[in-house]
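Residue-level listing of the chains:
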Amino acid sequence: MKKTFQESLLQFIGAMVIGWLIMYLVPAKMFFTLYIPSSFFWLFWLVALGVIGRGWPVAPPEGVWKPGMSKLVPGISMTLLWLGLALLNTLAVTNIWPAVPLFPVTNYFGILLFMTSLWYALNWGAYPVAKKSGVTNLITGAVVILVITSILWLLLVNLKDTPWAGMPFDPIGLFQADFMLGLAVWVIVWVQVFGNALSMQSYPFYKLGEPAGQIVLTIVAVLLGYVSWVGTLQFMSPTFSFAAIGGSIIGWTLFHSVIFGYYPNAKYIQPKRGVYNLIVVAILVIIWIPLLRLILTPILVNVTAAGLPFDISVISVFYTLHVVAVLLLAHNFFWLKIPFAPPGPPIGPEEVPPGFESMTQIQETIDAK
């Protein structure tokens, strides 16, 4: 377990350093107006291929890769497939439907796509096809997510008070675009908090069975997201609310669960594990926000010089979710953490099985094999 944590820490620090260098060295206008809008599709296909499709067609557990084969096989092939699908999706959204400009309007479509991807993967667990093959999950999940995102685009986004109001691609939605963006981020926060492989591991909603648990959890996540967004706007700036705080919570519910394996709380079961996980996440968020304001200052200088309208909070959420998280998830899902030991399966939320004294003992047994 100690070795696993040390490897995860090295992996995380490596992603931070590489991500910082990318953001600093790539010209700011290119990075923020080309990469950031398209990265929502990178994130969508990461979730679709790595979580919903369970690694199909090449990465484990559904792909052709088996222990003993080179990790370069899934790494190279899945990365090419991932980037190809993301590029095609970006071209479709910007040229076919809804045919929006890449920057900045695609950001609004993208946040809905990201929210729906996580909701379907983490709260609904790819229901009702989760027990089917990886290819079935992948195709069905991608279609469901894209269709629901398109409906939400029409129902929720209103481009009033923007230069694109009244344009052919302007939907007549409930919320002004910037308000909707912050709302979507805060809904994602609660989707992640209760996500079935993240901090609370769908506790207590999974006890309701399917699909009742997913329906109730969806309602709870949306309501908590709305209350969090509207409530925080009463005493802080919008960008600090959704980007600095919301983005950091999203990042650390992911990092602590997927990268660090709930360390040091894996030995507990839910709900104790979940409560302890959220305490750890809260502490890390409190550290993360000022740390990023310090280390990302040189990048803010580049952004300001390029005339881009992003403050340090928005730069922080881009760094956390669109750079560090992308690098870590691709390294986990496709490259199997090369050169470290491959990632283990998620630890379940239920009681310790007979013959084991703790969840830590189960993980140690898996690691030994």
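To start, this report covers the structure provided alongside it. A quick note: this is a predicted structure, and the numbers were derived from the prediction, not measured.

**Re helix 7 (residues 212-232)**
In step 1: The terminal C-alpha atoms of helix 7 lie 30 Å apart, and with 21 residues this matches the ideal 30 Å at 1.5 Å per residue to within 8%.
In step 2: Taken together, the buried positions of helix 7 are Gly 213, Gln 214, Leu 217, Thr 218, Ala 221, Gly 225, Ser 228, Trp 229 and Thr 232. For helix 7, the arc enclosing every buried residue in end-on projection is 130°, short of the 170-degree limit, so these residues lie on one face. When the buried face of helix 7 is taken as reference, the exposed residues oriented beyond 90 degrees from it are Leu 223 and Val 227.
In step 3: Summarising the contacts, the buried residues of helix 7 are in contact with helix 4 (105-123), helix 6 (177-193) and helix 8 (238-259).

**Regarding helix 5 (residues 134-156)**
Residues separated by three or four positions in an α-helix point in the same direction, a consequence of the helix having 3.6 residues per turn.
In step 1: Taking 1.5 Å per residue, 23 residues should reach 33 Å; helix 5 reaches 31 Å between its end C-alpha atoms and fits that length.
In step 2: Of the positions making up helix 5, those classed as buried are Gly 134, Asn 137, Leu 138, Gly 141, Ala 142, Ile 145, Thr 149, Ser 150, Leu 152, Trp 153 and Leu 156.
In step 3: Close packing links the buried residues of helix 5 with helix 2 (28-52), helix 4, strand 1 (157-158), strand 2 (175-176) and helix 6.

**Considerations on the environment of Gly 63**
In step 1: Structurally, Gly 63 is set in the loop between helix 2 and helix 3 (72-95).
In step 2: Remark: the alpha-carbon pair of Gly 63 and Gly 53, spanning 10 residues in sequence, is separated by 9.2 Å.
In step 3: Discounting chain neighbours no more than four positions away, the residues touching Gly 63 are Arg 54, Gly 55, Trp 56, Pro 57 and Val 58.

About the thresholds
- Residues numbered from 1 in each chain as written.
- Predicted model: local features only at pLDDT ≥ 70, side-chain atom pairs only at ≥ 80, totals over all residues.
- Heavy atoms only, no water.
- Helix = DSSP H or I, 4+ residues; strand = E, 2+ residues; numbered from the N terminus.
- Expected span 1.5 Å × (residues − 1).
- Buried < 20%, exposed > 50% of the residue type's maximum accessible area, 1.4 Å probe, protein only.
- Arc of directions from axis to C-beta.
- Contact = heavy atoms within 4.5 Å.

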